[in-house]
Amino acid sequence: MARDIARSIQEYVPGKQVTLAHIIANPTPDIYVKLGIQTTRNALGILTITPSETSIIAGDIATKASNVDLGFIDRFSGSVVIVGEVSEVEAALRQVVTTLRDLLGFDVTDITRT
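In this report, the structure presented in the accompanying data block is examined.

## Let's talk about the overall build of the protein chain
Thinking step 1. Secondary structure summary: the protein chain contains three helices and five strands in total.
Thinking step 2. Secondary structure elements of the protein chain, listed N to C terminal, follow the sequence β-α-β-α-β-β-α-β.
Thinking step 3. Its C-alpha atoms give the protein chain a radius of gyration of 17 Å, more than 25% over the compact-globule value 13 Å for 114 residues.
Thinking step 4. Each principal axis of the C-alpha atoms in the protein chain carries an extent, and together these give about 70 × 35 × 25 Å.

Structure follows, in structure tokens:
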């Protein structure tokens, strides 16, 4: 006796979205070492964006919006890490999220902080 089994396959199809926008205030020095970041300041800003090529745009927006440096940018994974003082990193992330939402129609997340 054969049984009909319902099966479903789920796929993640990324749209235009900022899935992570996070500030790490006062990161420990080993985080900089593990990331290979030579410029150490009081905060790191982390973004994850799809499509991943948007990381290039995000890096440009961040560095023009505030006195931050790019610690890491990966156009293949959509990861961006910025380095600066806490207020500068927050201003940069806020501008990236706002611009991607308002200008390019991205879905965005809240900026979080630890």
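Moving on from the model shown.
## Considering unusual backbone geometry
Thinking step 1. Between Thr50 and the following residue, Pro51, the backbone shows a cis peptide bond with an omega angle of -5°.
Thinking step 2. In this structure, Pro51 sits in the loop between strand E2 (43-50) and helix H2 (54-65).
Thinking step 3. With a phi angle near 50°, Asn26 is a residue other than glycine that sits in the positive phi range.
Thinking step 4. With respect to the element layout, Asn26 can be found in the loop between strand E1 (17-25) and helix H1 (29-35).
Thinking step 5. Assessed through its relative accessible area of 57%, Asn26 is described here as exposed.

## Side note on the sheet that holds strand E3 (residues 69-74)
Thinking step 1. Sheet architecture is open: five strands sit in the order E3-E4-E2-E1-E5, paired in mixed fashion. Edge positions in the sheet fall to E3 and strand E5 (112-113), since each has one partner strand and no second.
Thinking step 2. The pairing of E1 with E2 spans eight bridges and is classified as antiparallel. Along E2, the bridge assignment pairs Ala25 with Ala43.

## Overview of the nonpolar core
Thinking step 1. In this structure, Val18, Leu47, Ile49, Ile82, Val89, Val96 and Leu100 are the most contacted members of the largest nonpolar core, which totals 20 residues.
Thinking step 2. When residues in this core are grouped by element, the largest group, seven residues, is from helix H3 (residues 86-104).
Thinking step 3. Excluding anything up to four places from it in sequence, Val89 contacts Ile23, Ala43, Leu44, Gly45, Val68, Ile82, Val83 and Gly84.
Thinking step 4. Listed in part, the six residues of the second largest apolar core include Tyr32, Ile37, Val81 and Val83.

## Topic: the packing of H2 against H3
Packed helices, taken two at a time, are described by the angle between their axes plus the distance between the axes.
Thinking step 1. Where H2 contacts H3, the axes come no closer than 8 Å and their chain directions differ by 125°. When the axes of H2 and H3 are compared, the pair comes out oblique. Crossing of H2 over H3 shows right-handed handedness. Contacts between H2 and H3 pair Thr54, Ile57, Ala58, Ile61, Ala62 and Ala65 from the former with Ala92, Gln95, Val96, Thr99, Leu100 and Leu104 from the latter.
Thinking step 2. In the contact of H2 with H3, the residues fall into nine nonpolar, three polar and no charged.

## Observations regarding the pattern of salt bridges
Thinking step 1. Scanning the entire structure with this criterion turns up seven salt bridges.
Thinking step 2. Its salt-bridge partner being Arg41, residue Glu88 comes within 2.9 Å of it at the nearest N-O pair. Within this pair, whereas Glu88 is found in helix H3, its partner Arg41 is found in the loop between H1 and E2, the two being separated by 47 residues in sequence.
Thinking step 3. What makes Glu88 buried here is its relative accessible area of 18%.
Thinking step 4. According to the relative accessible area criterion, Arg41 is partly exposed, its value standing at 21%.
Thinking step 5. Its salt-bridge partner being Arg113, residue Glu90 comes within 3.8 Å of it at the nearest N-O pair. Taken together, the positions of Glu90 in helix H3 and Arg113 in strand E5 put the pair 23 residues apart, joining distant regions of the chain.

The rules behind the values
- Residues numbered from 1 in each chain as written.
- Predicted model: local features only at pLDDT ≥ 70, side-chain atom pairs only at ≥ 80, totals over all residues.
- Heavy atoms only, no water.
- Helix = DSSP H or I, 4+ residues; strand = E, 2+ residues; numbered from the N terminus.
- Rg over C-alpha atoms; globule rule 2.2 N^0.38 Å.
- Buried < 20%, exposed > 50% of the residue type's maximum accessible area, 1.4 Å probe, protein only.
- Pairing = 2+ DSSP bridges.
- Core = buried A, V, L, I, M, F, W, Y, C linked by side-chain atoms within 4.5 Å.
- Contact = heavy atoms within 4.5 Å.
- Axes fitted to C-alpha atoms, helices over the stretch in contact; angles between N-to-C directions.
- Parallel < 35°, antiparallel > 145°, perpendicular 65-115°, else oblique.
- Left-handed = near helix turned anticlockwise from the far one by under 90°.
- Nonpolar A, V, L, I, M, F, W, Y, C, P; charged D, E, K, R; others polar.
- Salt bridge = Lys/Arg side-chain N within 4 Å of Asp/Glu carboxyl O.

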